[in-house]
Amino acid sequence: MKAVLTSVLAAAALSAAALPLSLDEIREPVIVGVPPIYAGHDLCTTADGAIRHYGQEMHRGKVTRVYVESRDGGLTWKTFPADPKDVGAVFKSPWSDVWVGFTNRDSIDPNRNRGVFAARSRLGPGDTAAELVSLGRSDYACTRLIAIPSRRRWLASFVELTCRRDGGYGAATAYSDDDGRTWRFQDLPGVRDVRRRNPGSARDHWYCSGCEPALIELKDGSILMCLRTSGPHAAFLRSTDGGETWGAPWTDSRFWQANTRPEFLRLRDGRLLFVWNNTQLLPELDPTLTPQGERGVAGFTNRDALHAAISEDDGKTWIGFRELALSEYRNSVDWRELGNDDAQEKDKSVHQTQMLELAGGKVLIAYGQNVSTRRLAIFDPAWLYETKRMDSFRQGLAHVSHHLYLRSASGGWRGWAGHCAWNRIPGAAMVLNPDISLSNRGDVLQLGRLRDPRLYSDRAGLVWNFPAAKKGAASVNCRIVGEGFRFTLSDHWMNPCDETNPALQPVSEKITSTEAPCRRPIAALKDWHNVAIEWDCAAGTWRLLSDGHELRSGQLAWVPAAGFSYLHLQTLAEGNDPDGTHFRNFTMEARK
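What you are looking at is a predicted structure, and each value in this text was computed from that prediction instead of being measured.

Engineer: What am I meant to see in the packing of aromatic side chains here?
Structural biologist: Two descriptors summarise a pair of aromatic rings, namely the distance from one centre to the other and the angle between the planes of the rings. One pass over the full model with this rule turns up 29 aromatic pairs. Seen in terms of ring centroids, Tyr54 and Tyr67 are 5.4 Å apart; in terms of plane orientation they differ by 50 degrees. Their pairing is tilted. Within this pair, whereas Tyr54 is found in strand 3 (residues 51-59), its partner Tyr67 is found in strand 4 (residues 62-70), the two being separated by 13 residues in sequence. Accessibility classification places Tyr54 together with Tyr67 in one group, the buried group. Residues Phe255 and Phe321 carry aromatic rings whose centres are separated by 5.7 Å and whose planes lie at 15 degrees to one another, so their mutual orientation is stacked. In this pair, Phe255 sits in strand 17 (residues 250-256) while Phe321 sits in strand 21 (residues 319-326), placing the two residues 66 residues apart along the sequence. With relative accessibility at 1%, the residue Phe255 sits in the buried group. Here the basic side chain of Arg153 rests over the ring of Tyr175, its NZ or CZ set 4.2 Å away from the ring centre.

This is the structure in structure tokens:
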């Protein structure tokens, strides 16, 4: 019997998307479907070329295993029930006719003991008679499986499903040289000196010393691993013997990452794709602000933006640093309950990813946890090479982060809602533009401040991504009616309401009506001004301009290794400022 998506949210997301007629039309990310579980290793291709993503849904009050399938290259998807004996995603061996995958036995039959099992199949996904090989380990789940043709070896990574005493989850690897019949399993040591405190925090946040590893074979035959840690930057390890041993870990300041899962994909033309959350946590707050007075409450406030970069030299340099996705319901006042049922992950985020390369070099990505944020999307890697961006908000604030957090139960207090689940309200709005006549009145973006004791912070902000550049200019067309705003450039996403970290960025300047004069009452279009910051990372300098005239300049407080990729604007008002600042557009352009 054909299954249907049980979530109204999922159906609404698809009906709102204008699906392209062909893969050739796709450049920037386009949502095409909703996977039935958050991504791990459940996305695969079948022997006859269909694409599947396994998972589960609620049907008639019971949790039921299902899969979604596409037979037109990922453009459209249908949901089907999965046979209880179907082990799910398996992957074709490059050197034999065997398909190999991993499963936890209780995901097939809840009445059987839990454990991690390798699956060996002759038929591929859908095989109900696949051989299961126990690895003799419980409480682990596979996060990545890659084939190493040069060694005729399978290499898998795992996450420990039980929390260690240090507060983190562990990682492990296993390899097989006989097409999955036997495996050598090894635990990985934690990454030392992982920061427990986010910049600007006065207390520790949720700690993770390394779990959910991503794996990729480099062109020199070595294996690169990236681990999820508590950050603030991505941690990497390398193996020169096919995963038997691993060198000392290191961090890379180009990639901000805290408690989110990374992922790699090798494209057919040899380029390397990296997907991660290039984001920073909100500084730790006073635990008395939460209902349970819990520590670590801000530990998951960096999961609303997902990023991608591409490398042409096997990871030495990277291009892009662009937002692949923003949580579509990131401003929702019912975020904690949104999309929940007994089959759904309660955490809400746009991390947890898996990718496949499609025809014509397009990439299919599965991302997100709860169905409210879980998506299948397609994009063209060429989109990562763009060198400019403009947003005039004609399609609203789809590409701008501006949410504020309501005081909510959080941290490890999961219950019906997950630990990534603070409720939110919008921090900015589209308002009437008085410059335009009533017969043809348009809207402008407004950033002000309304004091609200329900919020952790009511200092509203705007966060906007652009292609990373080591030299360039970012400009806002604005009219300051109220107290003005702080103009910050960064190399990563920050929470819009983050009051601490803007001042820690390479350049962050206050803009008031002195720099962008506005007559009151508002009288004419000439009250609008182009306020820009130009930067040059090679020289380590910046300039602030208003309508092309330099206001001030200086040295970057520190030089971002990948250049700048974010604009962060935040109200300067200390009290109510309902007028605030109006914006007509944001623009950015890289320079040589």
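Engineer: Any chance you could explain the sheet that holds strand 38 (residues 564-571) here in plain terms?
Structural biologist: Where strands meet in a sheet, backbone hydrogen bonds hold them as pairs that are either parallel or antiparallel. The strand order across the open sheet formed by 5 strands is 26-31-38-33-34, and the pairing between neighbours is antiparallel. Both outer strands of the open sheet, strand 26 (400-401) and strand 34 (507-511), are each paired with one neighbouring strand and no more.

Engineer: Whenever I open this one, the environment of Asn302 confuses me. Can you help?
Structural biologist: With respect to the secondary-structure elements, Asn302 resides in the loop between strand 19 (272-276) and strand 20 (305-311). Classification of Asn302 as buried rests on a relative accessible area of 0%. Other than its neighbours up to four places away in sequence, Asn302 contacts Ala258, Thr260, Asn277, Thr279, Gln280, Leu281 and Trp493.

Engineer: Help me understand the pattern of salt bridges in this model?
Structural biologist: Two side chains carrying opposite charge are able to pair once their charged atoms lie near each other. This structure, assessed with the given rule, holds 31 salt bridges. Arg322 is the partner of Glu386 in a salt bridge, and the nearest nitrogen-oxygen pair spans 2.8 Å. Separated by 64 residues along the polypeptide, Glu386 in the loop between strand 24 (375-379) and strand 25 (388-391) and Arg322 in strand 21 bring together distant segments of the chain. Judged by relative accessible area, Arg322 falls into the buried class, the value being 2%. A salt bridge links Asp458 to Arg451, with the shortest nitrogen-to-oxygen separation between them at 2.9 Å. Here Asp458 falls in the buried class, since its relative accessible area comes to 6%. Put simply, Asp48, Arg52, Glu69 and Arg71 are held in one network by salt bridges that share partners.

Engineer: Just checking my understanding: could you explain the sheet that holds strand 8 (residues 116-121) for this structure?
Structural biologist: Strand order in the open sheet formed by 4 strands is 6-7-8-9, and the pairing between neighbours is antiparallel. A strand with exactly one partner marks an edge of an open sheet, and here the two such strands are strand 6 (91-92) and strand 9 (131-134). Of the pairings in the sheet, the one linking strand 7 (residues 99-104) to strand 8 comprises 6 bridges and is antiparallel in character. Each residue of the ladder has a partner; that of Asn104, found in strand 8, is Val116.

Engineer: Help me out: how do you make sense of the pairing of strand 3 in this one?
Structural biologist: Judged by how many residues are buried, strand 3 sits mostly within the fold: 8 of 9 residues are covered. The pairing of strand 2 (residues 43-45) with strand 3 spans 3 bridges and is classified as antiparallel. Bridge assignment links Thr45 to a residue of strand 3, and that residue is Ile51. Where strand 2 hands over to strand 3, the hairpin turn is made up of 5 residues, of which Gly49 adopts a positive phi near 95 degrees. Across 9 bridges, the pairing between strand 3 and strand 4 is antiparallel. The partner of Tyr54 across the bridge, within strand 4, is Tyr67. Counting the residues between successive antiparallel strands, the hairpin from strand 3 to strand 4 contains 2 residues, one of them, Arg60, with a positive phi of roughly 55 degrees.

Here is what the cut-offs are and how they apply
Residues numbered from 1 in each chain as written. Predicted model: local features only at pLDDT ≥ 70, side-chain atom pairs only at ≥ 80, totals over all residues. Heavy atoms only, no water. Phe/Tyr/Trp six-rings, centres within 6.5 Å; stacked < 30°, edge-to-face > 60°. Helix = DSSP H or I, 4+ residues; strand = E, 2+ residues; numbered from the N terminus. Buried < 20%, exposed > 50% of the residue type's maximum accessible area, 1.4 Å probe, protein only. Lys NZ or Arg CZ within 6 Å of the ring centre and 35° of its normal. Pairing = 2+ DSSP bridges. Contact = heavy atoms within 4.5 Å. Salt bridge = Lys/Arg side-chain N within 4 Å of Asp/Glu carboxyl O.

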